[in-house]
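A look at the structure
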Amino acid sequence: MGAAMRRIHVGNALSAFGLGFTVPYLYVYVAQVRGLGAMTAGLVLAVFAVAALIVLPFAGRAIVRRGPRPVLLAALVTAAIGALSLGLASNSTAVLVSAAALGAGQAVMQPALATMIVDCSTADSRSRAFAMQFFLQNLGLGVGGLIGGLLVDSTRVDSFTLLFSIEAAVFLLLAVVMTTVRMPHSPRIEGAPSQSAKGSWKQLLGNRAMVQLCVLGFVLFFACYGQFESGLSAYGVEAAGISTSALGTALAANTLMIVVAQFAVLRFVERRRRSRVIAGVGLIWAVAWVMAGYAGLGHGSQEMATAAFVSTYALFGLGEAMLSPTVAPLVADLAPTGMAGQYNSAFALVKQLALAVGPAVGGPLGASLHAPYIVTFLLFSLGISVLALRLGRRLTAVQDQPWVARGTRVVARGGAPAQPVATEA
């Protein structure tokens, strides 16, 4: 990695650290520490999602026009102001406005950082760069949550004020680090559509491969990430009798699997077709849902149910490790010249939609309709495999098998017609 990429990865780790530092404690802070009630606390969590959905369509255009670094700096300052004001807010209006600023800033960070990775990487190094990003994000979230938990005291408002002040300082430190990044000129990419500089949503929607990838991405995030802390945890408690400590163990198993397996998995997926890797993830997650079904519906011992439930989260982590060097680089390779920011923001928007809808659907279903919940998401996982294989027919050889272009900075991008894909060795 060059100096620019190292600083970008520091940015990924710090942004994830800031997110993990405070988000797990927002509900307790608003509802109990500030005494604003459960309804206001729920609205704060909803405001995070709504703010992201509002700003992301504009973030893509801004990244295309201004470049990713100025947009990232604006997002970091906005998030820092939101975090600091949230720590000082004492009424519902101030809390909601502060949460909106924090949520909007954090939402824009990810596509901006992803676009910087694209601009500082080649087709040869992009998968490794995004794998490193995912690894550091999970590490940052875990460390942030751990340290944040050690600092907070639900009986002291000032402990939460300190927490949010540190988060604001982290974002400002990251802004300083990002000002030192020397962004290279984006590589010249041949065969891009002549109208790519327009940056229009109409052009993006005209790229059928990107539209298919967005549909696939929605199903991925809806069926996995959207269930982690809502439907699947509710199902585990209600159907499988999982204790809160076992639920924590399952979440830790997910993170541990990602940290341990990420780079071993990277070596496996680097020379596999991206569409087939994603299809494989669908099958792995289908097995995970079968394990969850056994945990809640298998009528085995409590120890076996707990082991099966923890295995479910670990299998999800294995699939996530396979997706990180696959999906984000594919989004970049589908983008025409200069449009990576818009495409990254569009995919982030799809992710936010899935994360908003997933808990709303999965939570009640997992808590009360146990068998239909498992069957529904088992079918969604199999649907991932079908959608991935269909997407593979629309990708060019280089988009589906990036090692074909290894050794060159020329990448087949945009809405070019699909080419025959070479037989995998």
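Residues numbered from 1 in each chain as written. Predicted model: local features only at pLDDT ≥ 70, side-chain atom pairs only at ≥ 80, totals over all residues. Heavy atoms only, no water.

A few words now on the overall build of the protein. The helix and strand inventory of the protein stands at 17 helices and zero strands. Classification of the 425 residues of the protein by burial places 53% in the buried group. Considering only residue pairs separated by 6 or more positions, the protein has 84% of its internal contacts joining residues 24 or more positions apart. Only carbon and sulfur atoms are counted for the fraction: they give 66% of the accessible area of the protein, which is about 17,500 Å². (Helix = DSSP H or I, 4+ residues; strand = E, 2+ residues; numbered from the N terminus. Buried < 20%, exposed > 50% of the residue type's maximum accessible area, 1.4 Å probe, protein only. Contact = heavy atoms within 4.5 Å. Areas by Shrake-Rupley, 256 points an atom, 1.4 Å probe, with all protein chains shown as cover.)

So, on to helix α9 (residues 208-223). Every α-helical turn comprises 3.6 residues, leaving residues that sit three or four positions apart pointing alike. Spanning 16 residues, α9 covers 23 Å between terminal C-alpha atoms, matching the ideal 22 Å at 1.5 Å per step. Those residues of α9 that fall on the buried side of the exposure criterion are Ala209, Met210, Leu213, Cys214, Leu216, Gly217, Val219, Leu220, Phe221, Phe222 and Ala223. Elements that come into contact with the buried residues of α9 comprise α8 (201-206), α12 (274-297), α13 (302-323), α14 (327-334), α15 (340-368) and α16 (370-392). (Expected span 1.5 Å × (residues − 1).)

A cluster of nonpolar side chains, Leu139, Val143, Leu146, Ile147, Leu150, Leu151 and Leu162, forms an exposed patch at the surface whose accessible area comes to about 610 Å². Looking at which element gives the most residues to the nonpolar patch, the answer is helix α6 (residues 126-151), with six residues. On the secondary structure map, Ile147 appears in helix α6. (Patch = residues over 30% accessible without salt bridge, like charges linked within 9 Å, V, L, I, M, F, W, Y side chains within 5 Å. Salt bridge = Lys/Arg side-chain N within 4 Å of Asp/Glu carboxyl O.)

Structurally, the position occupied by Val290 is in helix α12. Residues Val290 and Val375, spaced 85 residues apart in sequence, show a C-alpha to C-alpha distance of 8.7 Å.

For the structure on display, the rule yields 15 aromatic pairs. Through pairs of rings, three or more aromatic residues link up here, namely Phe218, Phe222, Tyr235, Trp285, Trp289, Phe316, Tyr373, Phe377 and Phe380. For Arg272, the ring lying beneath its charged end belongs to Phe268, and the centroid distance is 4.3 Å. (Phe/Tyr/Trp six-rings, centres within 6.5 Å; stacked < 30°, edge-to-face > 60°. Lys NZ or Arg CZ within 6 Å of the ring centre and 35° of its normal.)

The terminal C-alpha atoms of α12, which comprises 24 residues, lie 34 Å apart, in line with the 34 Å expected from a rise of 1.5 Å per residue. Burial of α12 is extensive: 17 of the 24 residues sit out of reach of the surface. Where α12 terminates, the next one or two residues include His299, which has phi positive at roughly 60°.

Turning to the nonpolar core, a few remarks are in order. By size, the foremost hydrophobic cluster in this structure holds 117 residues, and its most contacted members are Met178, Met210, Leu213, Leu232, Trp285 and Phe309. Residue contributions to this core peak at eleven residues, all from helix α5 (residues 92-119). Each residue touching Met178, except ones within four places of it in the same chain, is listed here: Arg7, Ile8, Gly11, Arg69, Leu72, Leu73, Leu76, Leu113 and Met116. Counting five residues, the second-largest nonpolar core is a separate cluster that includes Leu56, Ala107, Ala348 and Leu349. (Core = buried A, V, L, I, M, F, W, Y, C linked by side-chain atoms within 4.5 Å.)

Evaluation of the coordinates by the stated rule reveals two salt bridges. In this structure, the salt-bridge partner of Asp158 is Arg156, at a minimum N-O distance of 3.0 Å. We classify Asp158 as partly exposed; its relative accessible area is 45%. You can call Arg156 partly exposed: its relative accessible area is 40%. Of the charged contacts, one joins Asp333 and Arg274 as a salt bridge, the two residues approaching to 2.9 Å between their closest N and O atoms. Taken together, the positions of Asp333 in helix α14 and Arg274 in helix α12 put the pair 59 residues apart, joining distant regions of the chain. Summarising the burial analysis for this pair, Asp333 and Arg274 share the class buried.

Let's shift gears to the side chain of Ser345. With respect to the helices and strands, Ser345 occurs in helix α15. Reaching out from Ser345, the side chain makes a polar contact with the backbone nitrogen of Gly60 at a distance of 3.2 Å. (Polar contact = N/O pair within 3.5 Å; in protein donor to acceptor, adjacent residues only side chain to side chain.)

At their nearest, the axes of helix α1 (residues 3-22) and α5 sit 10 Å apart, and the two run at 160° to each other. One element, α1, and the other, α5, form an angle in the roughly antiparallel class. When the axes of α1 and α5 are compared, the crossing they make is left-handed. Contacts from Met5, Ile8, His9, Gly11, Asn12, Ser15, Gly18 and Leu19 in α1 reach Gln106, Met109, Gln110, Leu113, Met116 and Ile117 in α5. (Axes fitted to C-alpha atoms, helices over the stretch in contact; angles between N-to-C directions. Parallel < 35°, antiparallel > 145°, perpendicular 65-115°, else oblique. Left-handed = near helix turned anticlockwise from the far one by under 90°.)

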